[in-house]
Structures are given as structure tokens and as C-alpha cells.
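Residue strings, one per chain:
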Amino acid sequence: MMLSTNQRIEVGRPPAVAPRLADDDRRRRNDPGSPGTAVITKTKTQTKRPNLYRVLLLNDDYTPMEFVVHVLERFFNKDRETAYRIMMHVHQHGIGECGIYTYEVAETKVTQVMDFSRKHQHPLQCVMEKK
Ligand code: TYC
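Draft legend 1. Main features of the packing of aromatic side chains. Summed over the entire model, instances satisfying the criterion amount to four aromatic pairs. Between the aromatic rings of Tyr 53 and Tyr 103, the centroid separation amounts to 5.2 Å while the plane-to-plane angle is 80°, which identifies the pairing as edge-to-face. Taken as a pair, Tyr 53 in strand S1 (residues 52–58) and Tyr 103 in helix H4 (residues 103–119) lie far apart in primary sequence, 50 residues in all. Classification of Tyr 53 by relative accessible area gives buried; the value is 12%. Where Phe 67 meets Phe 116, the ring centres are 5.3 Å apart and the plane angle is 10°; that geometry is what we call stacked. Of this pair, Phe 67 sits in helix H2 (residues 65–76) while Phe 116 sits in helix H4; the two residues are 49 residues apart in sequence, bridging distant segments of the chain. One exposure class covers both Phe 67 and Phe 116, and it is buried. By way of ring pairs, the aromatic residues Phe 67, Phe 75 and Phe 116 are connected into one cluster.

Structure below.
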């Protein structure tokens, strides 16, 4: 059979409903969807863990034990028993951890301890290292 230009051949059944488009495709076509519908956008929160830094005390031969215990209580919020245990660990092993903090908090602790030790003319050293 010959076909004129306006004739169409239907092959099979026409779709009963328009194909469902994904929200993104409909938005691109500026098609808000059927009335009474809403597009719900789910936002996935990206939580990143901050870099953490260990604050350490170093042993020396001159800083009084009592001063180190006081430093641990005052700047690292340790109770007296914990402070004494950390001080003895540093005394016996040469180095010990006072706490783990984000960069700016760790930096502040180091500065506070170094300033306080210098003020009292003790050679106590406090450093930070990336975990
Ligand atoms: N070694 C010191 C002393 O015998 C005590 C001390 C402990 C000093 C810990 C520093 O970080 C330190 N007096």
C-alpha cells in the first residue's frame, strides 16, 4: 500500500499513559508534574571528621613533679590522680599524652603550657603531633 505524508502507521497499542519521567528530566523540560504533586529533594549531609592532634608533655630533669601535676589539672582538666599518673608516665618514659584535640585547641594548649612554664622559669616542653 502507498502512504501519503500525513498518514501514520500504528504499530501495536499506543501507550495508555505518558511515560513517567524522572524529576530531573521533567525539571529540564520545565514540567512541574501533575497538579497536587511536589518534588521532595533529599539532601545528604556530608559529615567530615576533623583532623586530630595529640598534645604531649616531654620529660626534663628540672621541672618539679608538682608543677607538672598542676599543669595537667589546670590546662588539661585532669583530676589529681589522673594528672599524677600522666606525670609519672612522662617522668619514666620521657614523653606522654595529655589529650587529643582539634588543631586550634591543641595549639592553644601548647601555647598555654609553654607560656605558663616560662613564666615560672621551668624548662617543661609541650608539643603537638598529628594523629
Ligand atoms: N623529671 C622531673 C623530675 O624528676 C619531673 C617531670 C615529669 C618533668 C614530667 C617534666 O613532663 C615532665 N622533677
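Draft legend 2. Quick look at the sheet that holds S1. Spatially, S2-S1-S3 is the arrangement adopted by the three strands of the open sheet, whose pairing is antiparallel. Of all the strands in the sheet, just strand S2 (95–102) and strand S3 (125–130) have a single pairing partner and so form its edges. Neighbour to neighbour, the strand axes of the sheet diverge by 30° on average, direction disregarded. As defined by bridge partners, S1 adjoins S3 across six bridges and the pair is classed as antiparallel.

So, how was this worked out
- Residues numbered from 1 in each chain as written.
- Predicted model: local features only at pLDDT ≥ 70, side-chain atom pairs only at ≥ 80, totals over all residues.
- Heavy atoms only, no water.
- Phe/Tyr/Trp six-rings, centres within 6.5 Å; stacked < 30°, edge-to-face > 60°.
- Helix = DSSP H or I, 4+ residues; strand = E, 2+ residues; numbered from the N terminus.
- Buried < 20%, exposed > 50% of the residue type's maximum accessible area, 1.4 Å probe, protein only.
- Pairing = 2+ DSSP bridges.
- Axes fitted to C-alpha atoms, helices over the stretch in contact; angles between N-to-C directions.

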